[in-house]
Amino acid sequence: MAAAPCPFCRGTRTAPLKGYDAATCGYDLAACADCGTAFLDPMPTAEQLAAFYDDAYYGEGEAKFVGPVERISRALRVARARRVARRTPRGGRVLDVGCGRGVMLRELARRGYDVAGVELDTTAARRARANIGADRVFPTVAEALAADARRFDAVTFWHSLEHFTNPGETFDAAVAGLRPGGLVVLSLPNFGSTRARRAGADWLHLDLPRHVVHFDMDRLAEHLCRRGFEISAFDHFCQEFNVIDSLCGLYTRLGFHPLFPFEVIKNVRGTSKTTGGPLRTLAGLALGPLLLPVAAAQANLASAAHDGSTATLYLRAPAGAPVQEGDAR
C-alpha cells in the first residue's frame, strides 16, 4: 500500500509503518525507505495542530515546568548555548529554528553573538520576544533570512524539526542561509533507539500529533552525509530528555500512565488525567527518589552505547550547495 511522499527527503518509497496506526496510537504513521523518516499520514493541517499547543503545553506564566525543574531546564539551555559557542566564531550569527522561549539565544546574545529565532506566533514566541527582542523573532525561516542578507555561522534545531509538517523544506531553507562550512545542530528524539522500539505507542517522545515526523538518528546522519554534510560530533548524552524518558518507562511498568511523571512536573493548574488523581500522584512522587537513580543509570548506559532515546548531531555544511535529495539516493 502506497503512502504519501516523505516530507523530509521527498522520497516516494514510503509505506504504512506496522504497529503505528490509528487503532494503536490514534494516528497512522508511514515510513520512508530512503532516509528512514517516519511521519503522520495524512499530515495534519496547521489549524488542526494549533489546538495541541495550548497553555497546558507551554506552561502558565513564564515557566513551562514547576519551580526546581524549571531552574534545571533553564540551566540546560544555557549549557546548549555554551556548546554552540564552542563551535561558532566569537560574535558570529546564530539562527535557532524553533527557539521556544529564547533562553538559549538570550545567553548567546549575552556572550556577544548576533542571534535570531524562528517561532510561530504562540505563547513561546511572545516569551522569546521578551527575552531577545521583538525584532529578532520571526514566524518563518524565510522571514528570518529576508530580514538580514548576511549569512549565519550556525543554524540550530533543538527538538523542533519534528514539529514541522514540511521538515525538508524548512531544513533546506535554513541551511541555505549558512556560510560555507557553517554549523548545523540537529537535536531530536531518536526513533531508531531501543527505548523507542520497546515503548512503541507509549514512548514519551512519540508525542502524537505534535511530533509529526520521527527520525532514526543513525539513518538521518547517513542521509545527510550523502548530501555533503560532515559530522563533527554525534552526542547521545542528551540527559535533559533521556532521563525523563527512562523514568516514564519505569513508572509505566509499575502501572502508571506512560506520561507520568512528565505531566506532574509541568507548570499547569489542576491534575492531569494522566496522573491518576491526587492520591496516586502522591504515591508516584514518593517513588521518585527510588526510581530516578535507576532511570539515570539506564539513560547513561544507553547513551554510552550510542543508543540514546534522543541524540544530537553537530554537522558542518558543505563548502558548496548541499546535494539535492534526488541526487543523493
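Each remark here, short or long, concerns the structure printed above.
Since the structure is predicted, the reported quantities are computational estimates derived from the model, not experimental observations.

> I keep staring at helix 12 (residues 278–304) and nothing clicks. Help me out?
Note on helix geometry: an α-helix contains 3.6 residues per turn, so any two residues three or four positions apart are oriented the same way. Its 27 residues give helix 12 an end-to-end C-alpha distance of 37 Å, which sits within 8% of 39 Å, the value for a rise of 1.5 Å per residue. Looking at helix 12, one finds that the buried residues are T281, G284, G288, L291, A295, A299 and S303. Following helix 12 by one or two positions, H306 adopts a phi angle in the positive range, close to 60°.

> Where do I start with helix 8 (residues 167–176) in this structure?
Where burial is concerned, most of helix 8 is hidden: seven out of the 10 residues are buried. For helix 8, every residue scored as buried is listed here: P167, G168, T170, F171, D172, A174 and V175.

> Would you mind going over the pairing of strand 2 (residues 29–32) with me for this structure?
Where a strand is regular, its side chains alternate between the two sheet faces. When strand 1 (residues 14–16) meets strand 2, the two strands line up antiparallel, connected through three bridges. Residue T14 lies in a different strand from strand 2, and its bridge partner there is C32. Where strand 2 meets strand 3 (residues 38–40), three bridges bridge the pair, whose relative direction is antiparallel. Opposite L29, over in strand 3, you have L40 as the bridge partner. As consecutive antiparallel partners, strand 2 and strand 3 are separated by five residues, and within that stretch G36 has a phi angle of approximately 85°, a positive value.

> How should I be thinking about the sheet that holds strand 8 (residues 178–189) in this particular structure?
Whether parallel or antiparallel, the strands of a sheet pair through hydrogen bonds between backbone atoms. With respect to topology, seven strands assemble into an open sheet ordered 6-5-4-7-8-11-10, the strand pairing being mixed. Looking at the sheet topology across the chains shown, the edges are occupied by strand 6 (137–138) and strand 10 (230–235). Lying on the sheet, helix 4 (residues 67–86) is in contact with strand 4 (93–97), strand 7 (152–158), strand 8 and strand 11 (310–316); it crosses strand 7 at an angle near 145°. Against the sheet, helix 5 (residues 103–110) contacts strand 4, strand 5 (114–118) and strand 7, and its axis sits at roughly 170° relative to strand 5.

> Which parts of the structure should I look at to understand a nonpolar patch on the surface?
Taken together, the side chains of L279, L282 and L285 present a nonpolar region at the surface, about 340 Å² in accessible area. Checked against the element boundaries, L285 lands in helix 12. On the basis of relative accessible area, L285 is assigned to the partly exposed category, the value being 44%.

> Got a minute to help me understand the packing of aromatic side chains in this structure?
Remark: the centre distance and the inter-plane angle together describe each pair of aromatic rings, the angle taken between the planes. As enumerated under the stated definition, the model contains nine aromatic pairs in all. Between F8 and F215, the aromatic rings sit 5.3 Å apart at their centres with planes inclined by 85°, giving edge-to-face as the arrangement. One end of the pair, F8, is in the segment before strand 1; the other, F215, is in the loop between strand 9 (213–214) and helix 10 (217–226), and 207 residues separate them in sequence. Here the two residues F8 and F215 agree in accessibility, since each one is buried. Geometrically, the ring pair formed by F191 and W203 is tilted, given 6.2 Å between the ring centres and 45° between the ring planes. Of this pair, F191 sits in the loop between strand 8 and helix 9 (194–199) while W203 sits in the loop between helix 9 and strand 9, and the two are 12 residues apart along the sequence. An aromatic cluster of three or more residues is present, and its members are F8, F157, F171, F215 and F229. The positively charged end of R280 is found above the aromatic ring belonging to F256, 4.1 Å away from the centroid.

> What should I look at first to understand the nonpolar core in this one?
Among soluble globular proteins, nonpolar side chains are generally buried collectively. Formed by 50 residues in total, the largest nonpolar core has its most connected members in F8, F171, L186 and L220. By size, the runner-up hydrophobic cluster in this structure holds 19 residues, among which are A81, M104, V185 and Y314.

> For this particular structure, what's the right way to read the sheet that holds strand 1?
Within the open sheet, the four strands sit side by side as 1-2-3-9. Their pairing is antiparallel. Each edge of the sheet is formed by a strand with only one pairing partner; in this case those strands are strand 1 and strand 9.

> Sorry if this is basic, but what is going on with the pattern of salt bridges here?
When charged atoms on two side chains of opposite charge get close, those side chains can pair. Evaluated as defined, the whole model comprises 16 salt bridges. Put simply, R10 and D172 hold a salt bridge, and the shortest N to O gap is 3.1 Å. In this pair, R10 sits in the segment before strand 1 while D172 sits in helix 8, placing the two residues 162 residues apart along the sequence. When its relative accessible area of 38% is taken as the criterion, R10 is described as partly exposed. D172 gets classed as buried once you look at its relative accessible area, which sits at 18%. Notably, a salt bridge pairs R227 with D172, separated by 3.1 Å at the nearest N-O pair. Pair noted here: R227 is in the loop between helix 10 and strand 10 and D172 is in helix 8, with a separation of 55 residues, a long-range link.

> Help me understand the pairing of strand 11 in this model?
The element strand 11 is largely enclosed, with a buried count of six among its seven residues. In terms of strand pairing, strand 8 meets strand 11 through seven bridges, oriented antiparallel. Bridged to V184 within strand 11 is L315. Pairing of strand 10 with strand 11 involves five bridges; the strand directions are antiparallel. Residue pairing across strands places E230 opposite R316, the latter belonging to strand 11.

> Can you walk me through unusual backbone geometry in this structure?
Most of the time, phi is negative for any residue but glycine, and the peptide bond is trans. Following D41, the chain continues to P42 via a peptide bond in cis, the omega torsion being 10°. Turning to its location among the elements, P42 is positioned in the loop between strand 3 and helix 2 (46–50). Phi at H159 takes a positive value of approximately 50°, unusual for a residue other than glycine. Tracing the sequence through the fold places H159 in the loop between strand 7 and helix 8.

So, how was this worked out
- Residues numbered from 1 in each chain as written.
- Predicted model: local features only at pLDDT ≥ 70, side-chain atom pairs only at ≥ 80, totals over all residues.
- Heavy atoms only, no water.
- Helix = DSSP H or I, 4+ residues; strand = E, 2+ residues; numbered from the N terminus.
- Expected span 1.5 Å × (residues − 1).
- Buried < 20%, exposed > 50% of the residue type's maximum accessible area, 1.4 Å probe, protein only.
- Pairing = 2+ DSSP bridges.
- Contact = heavy atoms within 4.5 Å.
- Axes fitted to C-alpha atoms, helices over the stretch in contact; angles between N-to-C directions.
- Patch = residues over 30% accessible without salt bridge, like charges linked within 9 Å, V, L, I, M, F, W, Y side chains within 5 Å.
- Areas by Shrake-Rupley, 256 points an atom, 1.4 Å probe, with all protein chains shown as cover.
- Salt bridge = Lys/Arg side-chain N within 4 Å of Asp/Glu carboxyl O.
- Phe/Tyr/Trp six-rings, centres within 6.5 Å; stacked < 30°, edge-to-face > 60°.
- Lys NZ or Arg CZ within 6 Å of the ring centre and 35° of its normal.
- Core = buried A, V, L, I, M, F, W, Y, C linked by side-chain atoms within 4.5 Å.

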